[in-house]
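# Structural overview
Listed here are the chains, written in short residue letters.
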Amino acid sequence: MNNSKQFLQIKDKILAKQRITSKEALSLLKLPIHELGQLAFLKRQQLHEQKAYYIYNQHLNYTNICKNKCKFCAYFKDKNNPQAYTYSQQDIENQIQQRINEPIQEIHIVGGLNPDLPLSYYEEMLMLIKKLRPEVKIKAFTAVEIAFLAEKHGLSEQEVLIRLHKAGLDALPGGGAEVFSPELRKKLCPEKIPADHWLSIHQIAHGLNIPTNCTLLFGHIETWQERIEHLEALRTLQDKTKGFLCFIPLPYQPANNPLSTTGPDGLDFLQMIAISRIFLDNIPHLKTYWVFAGLKISQIALHFGADDFDGTLVKENIGHAAGADTPKGITITQLKNYIQTAGFIPVQRDTFFNALPTN
Ligand code: V47
Ligand code: SF4
């Protein structure tokens, strides 16, 4: 079968390491899925050959009390809800101690915006973890949590980041970006900081040499146009700072939250992965987050542009509250097997995507 003119044009651009425009990104939707996959795979191989990364990590969700009440979130609880919780420093120590004999490389910490927690709580948590596990890297607190702390304490976001960095913060996760469109934010998460604010906090972090990730929550009420505008904003900031390590398209999980739509199907998920890979030519890594997407389609996503399989987790709460039917954690052997049987070379990494010699 002959490839279309459009396929050949984009292929030439990828081979020449030229950037595609937003218009071209949208036009990729017209390609048959296997052709789109072929283009994204070409880009992926250019960047990472046959490697697929994974990390030995542990998730810690320190509180589910949150004042923002985003419409898509099944995780937050009001303070008076019997299921509301906040970990004490002792609880955090217990969580870390439970897995102290495992070779964990990263602790991923996020939580709700709990007005009762002072900045010192966050600093103590980081210092405690670094005392218990000095070798571990801590990827913690979304830009939304950083903005919340700055406002609460009358500090600049730069000051908050410097204090947390001093206490042990190594990188920021990509959450809280949702979809940048102001109209959609009004519907989805009216209390959340706007896109410019989210982007400016990542810019400040990059300026302090704190690398970050970035996300897009997709497959709910947004359009493809809005998805591409979101990617464009990320690509523009990355041109300036080069501080984003990894992009993670987060497929919407529909259960237990008031935003009643279905979430993306398999085709939509693979289109999103592939178009992100081709469009975001300056963000080195692309994660298929198996916790939300599923393990099986994540194997296929490696053929559609993704190069990172995330990690072992254990006790992820945000996606599972919203109905993710994946396990709450898997072993390192299982993770490596998923990558290998999909046809890729598993490479264990640290938070900064340095390959570890333990393979
Ligand atoms: O910011 C909330 C999202 C995010 C739902 O940086 C939902 O390496 C889908 O950002 N359906 C937190 N998504 C998770 C996150 C993340 C995950 C893994 C790795 C990294 C990284 C970051 O989860 C939130 C929000 O965008 N979220 N509710 C839902 N119903
Ligand atoms: Fe709070 Fe984050 Fe849930 Fe929004 S997504 S309600 S900010 S925990």
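Summarised in this report is the structure supplied together with it. Nothing here was measured: the structure is a model prediction, and the numbers come from that model.

## Notes on the overall build of the protein
- Each helix and strand counted, the protein has 15 helices and nine strands in total.
- Whereas a compact globule of 359 residues would reach a radius of gyration of roughly 21 Å, the protein reaches 20 Å, a difference of no more than 12%.
- Counting only residues that meet the buried cut, the protein has 58% of its 359 residues in that class.
- Sequence-distant contacts, at least 24 apart, represent 76% of the contacts inside the protein between residues at least 6 apart.

## Things to note about the pattern of salt bridges
- Within the structure shown, the criterion is met by 17 salt bridges.
- Of the charged contacts, one joins R235 and E232 as a salt bridge, the two residues approaching to 3.8 Å between their closest N and O atoms. In this pair, R235 and E232 both sit in helix α10 (residues 224–241), three residues apart, roughly one turn of the helix.
- Put simply, K287, D308, D310 and R349 are held in one network by salt bridges that share partners.

## Considering the packing of aromatic side chains
- Applying the stated criterion across every chain yields a total of twelve aromatic pairs.
- Considering the side-chain rings of Y62 and F141, the 6.0 Å spacing of their centres and the 85 degrees angle between planes classify their relative orientation as edge-to-face. Taken as a pair, Y62 in the loop between β2 (57–60) and α4 (89–98) and F141 in the loop between β4 (137–140) and α6 (143–153) lie far apart in primary sequence, 79 residues in all.
- A residue is classified by how much of its surface remains accessible, and F141, at 0% relative accessible area, is buried.
- The interplanar angle of 35 degrees and the centroid separation of 5.2 Å between the aromatic rings of Y85 and Y87 together place this pair among those described as tilted.
- Ring-pair connections join several aromatic residues into one group, and the members of that group are Y62, Y121, Y122 and F141.
- Here R227 stacks its cationic end above the ring of W224, 4.3 Å away from the centre of that ring.
- One residue, R235, lies across the ring of F279, its end atom 3.7 Å from the ring centre.

## Focus: the site of ligand 1
- Of all residues adjacent to ligand 1, which total 23 residues, the nearest are F72, K139, G174, E178 and Q253.
- In this structure, G176 approaches ligand 1 through a main-chain N or O atom, which is 2.8 Å from an oxygen atom.
- Separating an oxygen atom of ligand 1 from a side-chain N or O atom of E178 is a distance of 2.4 Å.
- Coverage of ligand 1 by the protein chains reaches 95% of its 620 Å² of free accessible surface.
- Looking at the shell around ligand 1 residue by residue, the class counts come to twelve nonpolar, eight polar and three charged.

Parameters and conventions
Residues numbered from 1 in each chain as written. Chains lettered and ligands numbered in written order. Predicted model: local features only at pLDDT ≥ 70, side-chain atom pairs only at ≥ 80, totals over all residues. Heavy atoms only, no water. Helix = DSSP H or I, 4+ residues; strand = E, 2+ residues; numbered from the N terminus. Rg over C-alpha atoms; globule rule 2.2 N^0.38 Å. Buried < 20%, exposed > 50% of the residue type's maximum accessible area, 1.4 Å probe, protein only. Contact = heavy atoms within 4.5 Å. Salt bridge = Lys/Arg side-chain N within 4 Å of Asp/Glu carboxyl O. Phe/Tyr/Trp six-rings, centres within 6.5 Å; stacked < 30°, edge-to-face > 60°. Lys NZ or Arg CZ within 6 Å of the ring centre and 35° of its normal. Near = heavy atom within 4 Å. Polar contact = N/O pair within 3.5 Å; in protein donor to acceptor, adjacent residues only side chain to side chain. Areas by Shrake-Rupley, 256 points an atom, 1.4 Å probe, with all protein chains shown as cover. Nonpolar A, V, L, I, M, F, W, Y, C, P; charged D, E, K, R; others polar.

Coordinates in, geometry out; function isn't part of it.
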